[in-house]
Amino acid sequence: MSVVGSSVLAGASGQSAGGGGAGGPRSLRFNSSDTAYLSRTPSSAGNRRTWTWSGWLKRSRFTAASETIFSAQGSSSHTLFNFYGSTTKFALIPNAGVAGATFQSNALFRDTSAWYHFVIAFDTTQSTSTERVKVYVNGEELTWSSSTYPSQNEEWNINIAGAHNIGRATQVNSYLTGYLADIHFIDGQALAPTNFGEFNTDNLWVLKAYGGTYGTNGFHLDFADNSSAAALGTDAAGSNDWNVNNLSVAAGAGNDSLADHPTNGDTTNDTGLGAQVNGNYATLNSITPIGNNCTFSNGNLDVTVGGSTNNRGNRGVSTIGMTSGKWYCEHVINSGKSNIGVVSSLDYGADDGSGNYWIGSGPNDYIVWSHNGQSYNSGSGSSYGVSWTTGDVIGCAFDADAGNMYIYKNGTVMNSGTPSHTGLTDGPYFFIFTEVNSSVSVNFGARAFAHTAPSGYKSLNTANLPTPTIADGSKYFDAKIYSGTGGTQSISGFGFSPDLVWVKNRTNAVPACLFDTVRGAGVSLETNNTDADTNWSNRVNGFNSDGFDTGNSNSTNGGSQNYVAWCFDKSSSSGTDIVAYTGNSSGRTVGHSCGSAPEVIIVKSRTSTLPWRVYHKGLGDINAYLTLNETSAVSSSSSYPRWNGTAPTSSVFSVGTSNDINKNGDNFIAFLFAPVEGYSAMGKYSANTTAGAYPFIYTGFKPRWIMIKNISAAWGWYIHDTARNPENPANKNLIANASNSEATYNILDIHSNGFKITGVSEQWNHSSNDYIYLAFASHPFASNGGLAR
């Protein structure tokens, strides 16, 4: 399968900085409960005015306690970098415990599925104050919600002849819970992030080998030597080794030396033993709807479940979904009972009638239970295998291609190799574990498996994921912000010549306008009203090779006004098509070139003042429809079937007898979107208003653009994008059905593999309400596994 936009699979980094798994670079897992850290006291001070720190971090938790990455102990104060408690902001604190400047980021760091690359460049010799401290994340400079820059030539504690710690700050008793990889410290130079990373051909920030000098106290920790716990602190650049405290290389769940890494390694090394190939490995997803009774630890590879009989939502699911390929994982019960299997939805399961939402009760749950070895789905159990108990190693082999699942006990397949479940081909599926009042340890292959995986089955990480057909989403969809000039201007920089341009004025209450190559430049439809086609000479004057040309209309280019443009390429590769047809009032089929069955269709009469109608597969009813220019909830009519009672196919979609979809003699335009794995997703989620259990929607990519609609109540179509929200929270939104200017709601985060609702509101997350969404990617998770921002 070819990779669009690159001659190689980008993976988490697009190139390896040195081998895979065993014998190559690794990550080190820190657990605050273990009081794990590295320590070193330089024999002499280095340059305290100029230095650079670089490292990759994968977070595991968010608590009220601050989490320290790096610190230096002075005689009366501490200098440290940390995450500032439950705010999840990144902070630089030069004098912890006493008065001093503190830098806190605007960005919130709440993605636990992928890696962040931090570079801190410090140079107080600079005459301009804002040049003295710079922090970069994945190649982009951070902005600050609060900052007080040091005075010229000011010295911080870092590089003193005193105690330095990685993963700990002694003065404030703060430890790190998470993973660190590829740490560099450069004594005497303030370097750019491009010394340690670069944007590859798919526009992903990736790790690259540092080729410069380190200075007196400089070091490089790649954690490649795990021959002993002490060897984890080996300086790969020289002799500035670190002391290792409360970290282990012993086999089993306590092993803190893991193949989890921001660089994808050579997958041919994966023969089923585990820990053989670098990649961003699956962990348990601590931000899915998990109720209030789950406690995650050991880098989100252990979970303890409390609660009672009603264990609604108490589950541990993998951060990576499986739609194809063969995958293997293991888990061990530490206490209580457990389940193991897969689930195809991250929503709660179905109530079994007694108020219980136990794993196995839902129609999307496919599990085997430790108590009796029975397999379960939709609350119904069947005889399958054997029971297991504390200390047993239980493996799950999931063949997503054939849709079969197999369970292993201590290396032996259950039920003579008969699958526990079959027909599981409508993914993505997620590994799922746990039971009420239990504790389990899970291994997706970042450490050695206890038993070799079945032949052909792989550990679950980004390196092993299928090659994405679209490695860079910006080749087919992109969002750009621009400032209006009041005249004409060319909006360029897209990686394609757009076929559909959707423009919205962010500053003033002006309707959003749609333009496309089928109707021709200048011909405009407005998404918040029922108006027919209008040909405007001053809105969009033409499409060019990498964008479009505007006139001087307030809709597209008013003076001193801000705009966003969402542009789409229509092609079978992107699953997008734009189709014109003529109505006949009697029902008909219309051909399309999406390449597969579209799951979202948006239709508008070009001739008459009729409403916009929307088909969405997530509505679950072929007679159901929504209205783009209105707030109305979902409607359904079998008397006037908008879609003629027929689901779309890979070649046609159907329209019924209703005027708004097929008025005789009217000209219609239809915008069609079919899902392309790693590039686009369209689906449905249910509200969860329990604090700490708000919905997480897995897309399999980092969304560039998301549109959400409440289908249970009268609320609008809310649009978020990372052009306007390059950092979390993604709080700037526009409404497709209204001319409103941009508004701010802190309700949503955009993650490396989906998006997370972060609050309660009727627009995004209201009790008992359902929502549909349409999303397009910046990059697939298979290739952005190292990119969490």
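Let me begin by describing the structure that accompanies this report. All of these numbers come straight from a predicted model, not from anything done at the bench.

**Describing the overall build of the protein**
Okay, so step 1: Across its full length, the protein carries 2 helices and 59 strands.
Okay, so step 2: Relative to the globule expectation of 28 Å for 789 residues, the C-alpha radius of gyration of the protein, 27 Å, shows essentially globular dimensions.
Okay, so step 3: Dimensions of the protein along its principal axes, counting C-alpha atoms only, are 85 × 75 × 45 Å.
Okay, so step 4: Residues counted as buried form 61% of the 789 residues belonging to the protein.
Okay, so step 5: Sequence separation of at least 24 residues holds for 68% of the intrachain contacts in the protein that already meet a minimum separation of 6.
Okay, so step 6: Counting only carbon and sulfur atoms, one obtains 43% of the accessible surface of the protein, whose full area is about 24900 Å².

**As for the nonpolar core**
Okay, so step 1: Judged by nonpolar contacts, the single largest core of 61 residues is most densely connected at Val 342, Phe 398, Ile 407, Phe 431, Phe 433, Phe 444 and Leu 460.
Okay, so step 2: Top element by residues in this core is strand E32 (residues 430-433). It accounts for 4 residues.
Okay, so step 3: Within the second largest apolar cluster, 39 residues are counted, among which are Ile 69, Phe 70, Phe 103 and Ile 166.

**Regarding unusual backbone geometry**
Okay, so step 1: Omega for the bond connecting Gly 427 with Pro 428 falls within 30 degrees of zero, at 10°, which places this linkage in the cis form.
Okay, so step 2: Summarising the element assignment, Pro 428 is placed in the loop between strand E31 (412-413) and E32.
Okay, so step 3: Along the chain, Asn 728 connects to Pro 729 via a cis peptide bond; the corresponding omega equals 5°.
Okay, so step 4: Its location among the elements puts Pro 729 in the loop between strand E54 (717-721) and strand E55 (732-735).

**Thoughts on the packing of aromatic side chains**
Okay, so step 1: This structure, assessed with the given rule, holds 57 aromatic pairs.
Okay, so step 2: Seen in terms of ring centroids, Tyr 116 and Phe 118 are 6.2 Å apart; in terms of plane orientation they differ by 50°. Their pairing is tilted.
Okay, so step 3: Assessed through its relative accessible area of 2%, Tyr 116 is described here as buried.
Okay, so step 4: Relative to Phe 444, the ring of Phe 431 has its centre 6.2 Å away and its plane inclined at 35°; by these criteria the two rings are tilted. Of this pair, Phe 431 sits in strand E32 while Phe 444 sits in the loop between strand E33 (438-443) and strand E34 (477-483), and the two are 13 residues apart along the sequence. Each member of the pair, Phe 431 as well as Phe 444, is classed as buried.

**Some details on empty space enclosed by the protein**
Okay, so step 1: Under the criterion given, the structure shown has 4 cavities of 30 Å³ or more.
Okay, so step 2: A volume near 70 Å³ is recorded for the second largest cavity.
Okay, so step 3: What lines the second largest cavity is simply Arg 40, Pro 42, Phe 70, Ile 158, Asn 159, His 164, Phe 185, Asn 217, Phe 219 and Trp 242.
Okay, so step 4: Residue classes in the lining of the second largest cavity are distributed as 6 nonpolar, 3 polar and 1 charged.

**Section: the pattern of salt bridges**
Okay, so step 1: Scanning all chains against the criterion turns up 21 salt bridges.
Okay, so step 2: Across the salt bridge formed by Arg 110 and Asp 749, the nearest N and O atoms sit 2.6 Å from each other. Of the two residues, Arg 110 sits in the loop between strand E7 (103-108) and strand E8 (116-123) while Asp 749 sits in strand E57 (residues 748-751), which places them 639 residues apart along the sequence.
Okay, so step 3: For the salt bridge of Lys 134 with Glu 131, the shortest nitrogen-to-oxygen distance reads 2.9 Å.
Okay, so step 4: The exposure class assigned to Lys 134 is buried, which follows from its relative accessible area of 18%.
Okay, so step 5: The structure contains a network of salt bridges with shared partners spanning Arg 506, Asp 721, Arg 724 and Glu 742.

**Describing the side chain of Thr 627**
Okay, so step 1: Looking at the element boundaries, Thr 627 is found in strand E47 (residues 624-627).
Okay, so step 2: Judged by relative accessible area, which is 2%, Thr 627 ranks as buried.
Okay, so step 3: Look past the residues within four positions of Thr 627 in its chain and what remains in contact with it is Pro 611, Trp 612, Arg 613, Ser 632 and Trp 717.

Thresholds applied
Residues numbered from 1 in each chain as written. Predicted model: local features only at pLDDT ≥ 70, side-chain atom pairs only at ≥ 80, totals over all residues. Heavy atoms only, no water. Helix = DSSP H or I, 4+ residues; strand = E, 2+ residues; numbered from the N terminus. Rg over C-alpha atoms; globule rule 2.2 N^0.38 Å. Buried < 20%, exposed > 50% of the residue type's maximum accessible area, 1.4 Å probe, protein only. Contact = heavy atoms within 4.5 Å. Areas by Shrake-Rupley, 256 points an atom, 1.4 Å probe, with all protein chains shown as cover. Core = buried A, V, L, I, M, F, W, Y, C linked by side-chain atoms within 4.5 Å. Phe/Tyr/Trp six-rings, centres within 6.5 Å; stacked < 30°, edge-to-face > 60°. 1 Å grid on protein atoms, 1.4 Å probe; cavity = no way out; pocket = protein on both sides within 12 Å on 5 of 7 lines; lining within 4 Å. Points joined across faces, edges and corners; volume = space filled by probe spheres on them. Nonpolar A, V, L, I, M, F, W, Y, C, P; charged D, E, K, R; others polar. Salt bridge = Lys/Arg side-chain N within 4 Å of Asp/Glu carboxyl O.

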